[in-house]
Amino acid sequence: MIVSLSDVRRDYPIGADRVHALQGVSLEVEQGDYMAIVGPSGCGKSTLLNLIGVIDHPTSGTVTIAGKRVDAMSDREATLFRLHNIGFVFQRFYLMPILSALENVALPMAEAKVPATERSTRAAELLTYVGLGARLNHRPSEMSGGEQQRVAIARALSNRPALLLADEPTGELDAKTGTEIIALFQRLNADGTTIVVVTHDEDLANAARHKVHMRDGRIVDG
Amino acid sequence: MLAVLGVAIAAAMLLDMVMLATGMRESFRELLVSRGYDIRLAPKGTLPFDTDATIPGVSAIIATLRSNPDVREISPVLGGSIHISARDRDVSASIIGINPTVQGDYELLSGRDVVSSDAIGANDYLLAKLGARLGDTLAVATGYDPQTRTYSGQRRLVLAGRVKFLYGAAEQAGAVVKRETLEAMNPDRTDRASLFMVRVRKGANPDSVRSWIETRIPNVTAISIATAIAEVDFRLSYFRQLAFILGAVSLFVGFLLVTTLVTVSVNERAGEIAVMRAIGVSRAHVVQQVVLEGVAISLAGAILGLGLGLVTARYLNAILSAFPGLPMAIDFFLFQAKAAWAAMGLLIAAGIGAGIYPAWRAASLPIAESLRREAIA
């Protein structure tokens, strides 16, 4: 089991009130799985993904990723854990505008202190894998939205993460480009990458092996 | 670009204030040391050419000074004013009487020095007022009564040389003759001097000689370069305080500007920073990037400000140097590489300081919260 959540709750203070974003969620994701988390806006999908991605802490409950308890990690431990174990893809691509595609993909490897030559080689391989072998030295401003999202996916895979998390990865793309990204996710999963996506996009959700439905901070089906 | 220009203006102001704080003192010191005279003797209680007062007994004073083995050279200078009749009008000018072999008051630009008793040298401003050329004979008088339009102490002198006075003010007509010539034109001033300039032996301490002079010649004030600079420092303390205050304000404005710019930049890139943190970029790296951004803005502003500061300093210097009575050789804004580096260093240090607050904000961004806000936006 690569992801295991047990009775996870997450509350947010809003003024004098508390919002119960997650209300006792338990979930398991197996190695090599491709899971889509779906549900209406505000149901707690992104909160759940943030907890799996170790960028947020649960109010209670346990979160285990790749065999390691991550729910009470310090910021430093969590940063290192994310660097080596988790790849993130977001709705907005957030590439560094002054860096080329190759340099953007190499960035997490530089942070992980991978030698420079190895970084370049792997970044080029990843960009070729996502279909951008001819755009290595282009800057984000010279690329389409679909191309930028491909670079973001390659960046997410750069440190060979155990888990790829995606939050509305097709949200800013047109239908045709969205379909290409869906196909890329399927290919990634077929090649062994464990993927968890949060989405409103039915096509993307239907492409996953499993669907988990959420409502009001709870898993209602899956 | 506009933001960098704002920092550049603050940098230029800071540089100008650093130049103003030290410029006048340094250019005055350079002027004093330029001809190698270490001590000036003025009438007791005055500064050189502060008043029309003179020191009597030139011969006796020279004899006393020569008795000190550390005194190498003495240049007595007699000052006064002259009137020259030119094309039915009176042209007035200041004049000094010197010994041309030992003088530190002027440079000969062309023609001959005033080695003969009928020779006179004039600066360009006087030559222009007279419309005269080298070789012309001038009727020069030390006195003029405007009521009767009569001259006294008049003498015909040949315009021998074109000179530039080291201590001359802008648009000040000036002339030079041998001291004996000026004494002969004005018998009241025989054996008197307005100023003595004294050069000491190499290796001798000018301040020891100055003390010795004041004990031996009680009717003079002896001023060494060090005491002259101390006096200038005292008289210019207002300028220095003003420069210090304006410089500090400029630095603070630059600091606030860079802090604001980097903070705005961090706020605009909150989502980008949150994603960087999410993919594993450390807080230390984020802090480093943001501080570097502050330094880069400061550095760009400093480089631009250096050029801007030099141009404005030159312009302001031209205005201030035209003040009546100030030697033209005195600069208010003097460029010194050390001072410029100090100003630029201060600004870059301010840039580092300015990056700390936004860097702290960037590193403290809650990742999930920032991503949620970005998604809603």
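Let us look at the structure shown here. No experiment lies behind these values; they were computed from the predicted model shown.

## Notes on the overall build of chain B
For step 1, the next point in the chain: Broken down by element type, chain B carries eleven helices and 14 strands.
For step 2, the next point in the chain: The C-alpha radius of gyration computed for chain B amounts to 30 Å, which surpasses the reference 21 Å derived for 377 residues by more than 25%, pointing to a less compact arrangement than a globule.
For step 3, the next point in the chain: A buried classification covers 49% of the 377 residues belonging to chain B.
For step 4, the next point in the chain: Per element, the accessible surface of chain B, about 17,900 Å² overall, is 61% carbon and sulfur.
For step 5, the next point in the chain: When the 36 positive and 32 negative side-chain charges of chain B are each reduced to one mean point, those points stand 3 Å apart.

## What to know about the pattern of salt bridges
For step 1, the next point in the chain: Enumeration over the complete set of coordinates arrives at 23 salt bridges over all chains.
For step 2, the next point in the chain: Residue Glu-180 of chain A is joined to Arg-150 of chain A by a salt bridge in which the shortest nitrogen-to-oxygen separation is 3.2 Å. A residue pair is termed long-range when its members are at least 10 positions apart, and Glu-180 of chain A in helix α6 (residues 175-190) and Arg-150 of chain A in helix α5 (residues 145-156) qualify at 30 residues.
For step 3, the next point in the chain: Given the relative accessible area of 31%, Glu-180 of chain A is considered partly exposed.
For step 4, the next point in the chain: Shared partners join several salt bridges into a network, and the residues in it are Arg-25, Glu-26, Arg-29, Asp-233 and Arg-240 of chain B.

## Comments concerning the pairing of strand β3 (residues 71-86) of chain B
Residue and element names in this part refer to chain B.
For step 1, the next point in the chain: Counting buried positions along β3 gives twelve out of 16 residues, so the element sits mostly inside the fold.
For step 2, the next point in the chain: With six bridges connecting them, β3 and strand β13 (residues 195-200) associate as antiparallel partners. Note on β13: the bridge partner recorded for Val-71 is Val-200.
For step 3, the next point in the chain: Where β3 meets strand β4 (residues 89-98), nine bridges bridge the pair, whose relative direction is antiparallel. Residue Gly-80 lies in a different strand from β4, and its bridge partner there is Ile-95.
For step 4, the next point in the chain: The pairing of β3 with strand β7 (residues 137-141) spans two bridges and is antiparallel. Bridge pairing in β7 links His-83 to Ala-141.

## Details of the sheet that holds strand β1 (residues 3-14) of chain A
All names here are of chain A.
For step 1, the next point in the chain: Ordered by their spatial adjacency, four strands build an open sheet running β2-β1-β4-β5, and the pairing between neighbours is antiparallel. The open sheet has two edge strands, β2 (17-29) and β5 (68-69), and neither has a second partner.
For step 2, the next point in the chain: As judged from the five bridges shared by β1 and strand β4 (residues 60-65), these two strands associate in the antiparallel manner. In the sheet register, Ser-6 faces β4, and the bridge partner there is Thr-62.

## Topic: the layout of surface pockets
For step 1, the next point in the chain: The space that makes up the second largest pocket amounts to roughly 670 Å³.
For step 2, the next point in the chain: As for the second largest pocket, its lining consists of 27 residues, and the residues nearest its centre are Ser-46 and Asp-167 of chain A together with Leu-371, Arg-372 and Ala-375 of chain B.
For step 3, the next point in the chain: For the lining of the second largest pocket, the elements supplying multiple residues, two or more each, are β2 and α1 (45-52) of chain A together with α11 (367-376) of chain B.
For step 4, the next point in the chain: Here the element with the most residues in the lining of the second largest pocket is α11 of chain B; it accounts for six residues.
For step 5, the next point in the chain: Looking at the lining of the second largest pocket, its residues break down into eleven nonpolar, nine polar and seven charged.

## Overview of the packing of α5 of chain A against α6 of chain A
Residues and elements named next belong to chain A.
For step 1, the next point in the chain: Here α5 crosses α6 at 20°, and the two axes come no closer than 10 Å. Taken together, the axes of α5 and α6 lie roughly parallel to each other. Where α5 crosses over α6, the two elements pack in a sense that is right-handed. Contact with α5, carried on its side by Gly-146, Gln-149, Arg-150 and Ile-153, involves Thr-177, Glu-180, Ile-181, Leu-184, Phe-185 and Leu-188 of α6 and no other residues of that element.

## Concerning the nonpolar core
Nonpolar side chains in soluble globular proteins tend to end up buried together.
For step 1, the next point in the chain: Counting 92 residues, the largest nonpolar core has Leu-48 and Ile-52 of chain A as its most contacted members.
For step 2, the next point in the chain: Here this core gets twelve residues from one element, more than from any other, and that element is helix α1 (residues 2-33) of chain B.
For step 3, the next point in the chain: In contact with Ile-52 of chain A, not counting residues within four places along its chain, are Val-3, Leu-5, Leu-27, Ile-65, Ile-86, Leu-163 and Leu-165 of chain A.
For step 4, the next point in the chain: Listed in part, the 40 residues of the second largest apolar core include Tyr-34, Val-89, Val-130 and Ala-154 of chain A.

## Some words on the packing of aromatic side chains
For step 1, the next point in the chain: Under the defined criterion, the tally for this structure stands at five aromatic pairs over all chains.
For step 2, the next point in the chain: On the numbers, 5.3 Å between centres and 15° between planes, the contact of Phe-88 of chain A with Phe-90 of chain A is stacked.
For step 3, the next point in the chain: Residue classification places Phe-88 of chain A among the buried residues on the basis of a relative accessible area of 1%.
For step 4, the next point in the chain: Of the residues examined, Phe-90 of chain A reaches a relative accessible area of 8% and is grouped as buried.
For step 5, the next point in the chain: We note Arg-199 of chain B situated over the ring of Tyr-37 of chain B; from NZ or CZ to the ring centre the distance is 4.4 Å.
For step 6, the next point in the chain: Positioned above the aromatic ring of Tyr-12 of chain A, the side-chain terminus of Arg-372 of chain B is 4.2 Å from the ring centre.

## Section: the interface of chain A and chain B
For step 1, the next point in the chain: Each side of the interface is counted separately: chain A has 19 residues, and chain B has 18 residues.
For step 2, the next point in the chain: Taken together, both faces of the contact between chain A and chain B bury some 1,700 Å²; the carbon and sulfur share is 58%.
For step 3, the next point in the chain: Counting across the interface, chain A meets chain B through two salt bridges.
For step 4, the next point in the chain: With its nearest N and O atoms 3.6 Å apart, the salt bridge here joins Asp-75 of chain A to Arg-283 of chain B.
For step 5, the next point in the chain: Linking chain A with chain B are seven residue pairs in polar contact (both at pLDDT 80 or more).
For step 6, the next point in the chain: Sorting the residues of the side of chain A that touches chain B by element identifies α1, α2 (75-85) and α3 (101-111) of chain A as the ones contributing at least two each.

Reading guide: rules and limits
Residues numbered from 1 in each chain as written. Chains lettered and ligands numbered in written order. Predicted model: local features only at pLDDT ≥ 70, side-chain atom pairs only at ≥ 80, totals over all residues. Heavy atoms only, no water. Helix = DSSP H or I, 4+ residues; strand = E, 2+ residues; numbered from the N terminus. Rg over C-alpha atoms; globule rule 2.2 N^0.38 Å. Buried < 20%, exposed > 50% of the residue type's maximum accessible area, 1.4 Å probe, protein only. Areas by Shrake-Rupley, 256 points an atom, 1.4 Å probe, with all protein chains shown as cover. Lys, Arg positive; Asp, Glu negative; His and termini not counted. Charge placed at Lys NZ, Arg CZ, Asp CG, Glu CD. Salt bridge = Lys/Arg side-chain N within 4 Å of Asp/Glu carboxyl O. Pairing = 2+ DSSP bridges. 1 Å grid on protein atoms, 1.4 Å probe; cavity = no way out; pocket = protein on both sides within 12 Å on 5 of 7 lines; lining within 4 Å. Points joined across faces, edges and corners; volume = space filled by probe spheres on them. Nonpolar A, V, L, I, M, F, W, Y, C, P; charged D, E, K, R; others polar. Axes fitted to C-alpha atoms, helices over the stretch in contact; angles between N-to-C directions. Parallel < 35°, antiparallel > 145°, perpendicular 65-115°, else oblique. Left-handed = near helix turned anticlockwise from the far one by under 90°. Contact = heavy atoms within 4.5 Å. Core = buried A, V, L, I, M, F, W, Y, C linked by side-chain atoms within 4.5 Å. Phe/Tyr/Trp six-rings, centres within 6.5 Å; stacked < 30°, edge-to-face > 60°. Lys NZ or Arg CZ within 6 Å of the ring centre and 35° of its normal. Buried area = accessible area lost by both parts, 1.4 Å probe. Polar contact = N/O pair within 3.5 Å; in protein donor to acceptor, adjacent residues only side chain to side chain.

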